[in-house]
Amino acid sequence: MNETSFTDIAIVACGTMTMELRALRESGFLDTEHLLFTSPGLHQDPRELERQLLQRIDQAKQRADKVLVVFGGKFCYVNADAPLRTMSKIIEEQGPRVARIEATHCMDMLAGEDEREAIAQEVAGGEKVWWMTPGWVKYRHEVFKGWDQARANENFPKHEGGAIVLDPLGYLDQYAVEEPEKLLEYFDWMGIPIQAYPVTLDRFKSLLLDQVRELDRR
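Fair warning: this is a prediction, and the values are worked out from it, not measured in the lab.

Remarks on the overall build of the chain
Across its full length, the chain holds eleven helices and seven strands. Taking 218 residues into account, the globule formula puts the C-alpha radius of gyration at 17 Å, and the chain, at 18 Å, falls close to it. Seen through its C-alpha atoms, the chain measures out along the principal axes to roughly 45 × 45 × 30 Å. Put simply, of all contacts in the chain between residues at least 6 apart along the chain, 78% involve residues at least 24 apart. Entry remark: accessible area of the chain is about 11,000 Å², with carbon and sulfur atoms responsible for 47%. Of the charged side chains in the chain, 26 are positive and 37 negative; the average position of the first set lies 6 Å away from that of the second.

Right, here's the structure in full:
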């Protein structure tokens, strides 16, 4: 049972994690009233990502005593114009009452590197895999904004193991029933098969709790 409370915390997250965070709130795990989201897919636009992130953090500070940021570090913010400016640096500048989940990207929030390697071995025989979360399906056009077919052809087919959606929500199965034509079109556009792999939200919950405890120590 979770004995750690989020009542004095506002969460600022990438829009791709909307479904998972709302599911945790509906389950009672997240007892915060404050969930704020940036647009999905901003990893492709670091300037806009930073603008929206800082705006949401400022809003969060007005609503709660502490702020927990649900964004990856290494891969979610890569600023070619200022390579020394990192996600960790941005969060550090926001003061001691702001902390960020310790994950490299949203896939890492649901399954760690070792688990992903084991899944790839099980499902794809160890072949290279394109990893996704349910948000990468629901918000496809935002996540892949600006990608034409040529760019898709350049990036996806090299992943011989196909695309695997780490799915704690049963979202892909539901999407296949409700929007089969859209899913088939997604297959065709990527040029590789897409399949769901069921995971739990346990790792995500653990990472959130780690930062709550860190904020409590500050």
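The discussion continues.
Side note on the pattern of salt bridges
This model, assessed by the stated rule, comprises 14 salt bridges. Between Glu50 and Arg85 there is a salt bridge, with its nearest N and O atoms 2.8 Å apart. Within this pair, whereas Glu50 is found in helix H2 (residues 46-63), its partner Arg85 is found in the loop between strand E3 (66-70) and helix H3 (87-92), the two being separated by 35 residues in sequence. Of the charged contacts, one joins Arg213 and Asp210 as a salt bridge, the two residues approaching to 3.8 Å between their closest N and O atoms. Here Arg213 pairs with Asp210, and both are found in helix H11 (residues 202-217), just three residues apart, close to one helical turn. Among the charged side chains, a salt-bridge network with shared partners connects Asp8, Lys66 and Asp216.

Thoughts on the layout of surface pockets
A volume near 720 Å³ is recorded for the largest pocket. Along its surface, the largest pocket is lined by 33 residues, and Phe75, His105, Met107, Trp131 and Trp136 are the ones closest to its centre. Residue assignment for the lining of the largest pocket shows that the elements contributing at least two residues are helix H4 (106-110), helix H5 (113-124), strand E5 (130-132) and helix H8 (149-155). With four residues, H5 is the single largest residue contributor to the lining of the largest pocket. Looking at the lining of the largest pocket residue by residue, the classes come out as 19 nonpolar, eight polar and six charged.

Some words on the sheet that holds strand E2 (residues 35-37)
Spatial strand order, E2-E1-E3-E4: four strands in an open sheet with parallel pairing. The sheet terminates laterally at E2 and strand E4 (98-100), the two strands that pair on one side only. Taking each pair of neighbouring strands and ignoring which way they run, the sheet shows an average axis angle of 20 degrees. Where E3 meets E4, three bridges bridge the pair, whose relative direction is parallel. Across the sheet, residue Leu68 finds its bridge partner in E4, namely Ala99. Relative to the sheet, H11 contacts strand E1 (9-13), E3 and E4, its axis offset from that of E3 by approximately 150 degrees.

Thoughts on the packing of helix H9 (residues 171-178) against helix H10 (residues 180-190)
Where H9 contacts H10, the two axes come as close as 5 Å, and the packing angle between them is 110 degrees. Between H9 and H10, the angle falls in the class roughly perpendicular. Mapping the contact onto sequence places Leu172, Tyr175, Ala176, Val177 and Glu178 in H9 and Pro180, Lys182 and Leu183 in H10.

A look at the environment of Gln55
Counting through the fold element by element, Gln55 comes out in helix H2. For the pair Gln55 and Val12, spaced 43 residues apart in sequence, the C-alpha separation works out to 10.0 Å.

The rules behind these values
Numbers given to residues run from 1 along each chain, matching the order in which its sequence is written. Whole-chain, interface and lining totals are the exception, using all residues; otherwise, since this is a predicted model, local features are given only for residues with pLDDT of at least 70 and side-chain atom pairs are given and counted only at 80 or more. Only hydrogens and water are removed before side-chain values are computed, so all heavy atoms of the structure are retained for them. Helix numbering and strand numbering both begin at the N terminus, where a helix is a DSSP run of H or I of at least 4 residues and a strand a DSSP run of E of at least 2. Here the globule rule is a power law, 2.2 Å times the number of residues to the power 0.38, and the radius of gyration is based on C-alpha atoms. Two residues qualify as a contact provided that any one of their heavy atoms is within 4.5 Å of a heavy atom in the partner residue. Using the Shrake-Rupley algorithm and a 1.4 Å probe, accessible areas are obtained, with residue cover drawn only from the displayed protein chains. Working convention for charge: Lys and Arg count positive, Asp and Glu count negative, and His plus the chain ends are omitted. In plain terms, the charge of a residue is placed at NZ if it is Lys, CZ if Arg, CG if Asp and CD if Glu. Put simply, a salt bridge is a Lys or Arg side-chain nitrogen that is within 4 Å of an Asp or Glu carboxyl oxygen. The definitions used throughout rest on a 1 Å grid laid over the protein atoms alone, on which a cavity is an enclosed set of points accommodating a 1.4 Å probe that cannot get out and a pocket is an open set flanked by protein within 12 Å on both sides along at least five of seven lines; lining residues are those having an atom within 4 Å of a point. Grid points are joined across faces, edges and corners, and a volume is the space filled by probe spheres set on the points. Residue type decides the class: Asp, Glu, Lys and Arg count as charged, Ala, Val, Leu, Ile, Met, Phe, Trp, Tyr, Cys and Pro as nonpolar, and the leftover types, Gly among them, as polar. In short, DSSP must find at least two bridges between two strands for them to pair. For helices, the fitted line uses only the C-alpha atoms of the stretch in contact; every axis is such a line through C-alpha atoms, and the angle between N-to-C directions lies from 0 to 180 degrees. Put simply, angles under 35 degrees are roughly parallel, angles over 145 are roughly antiparallel, angles from 65 to 115 are roughly perpendicular, and the rest are oblique.

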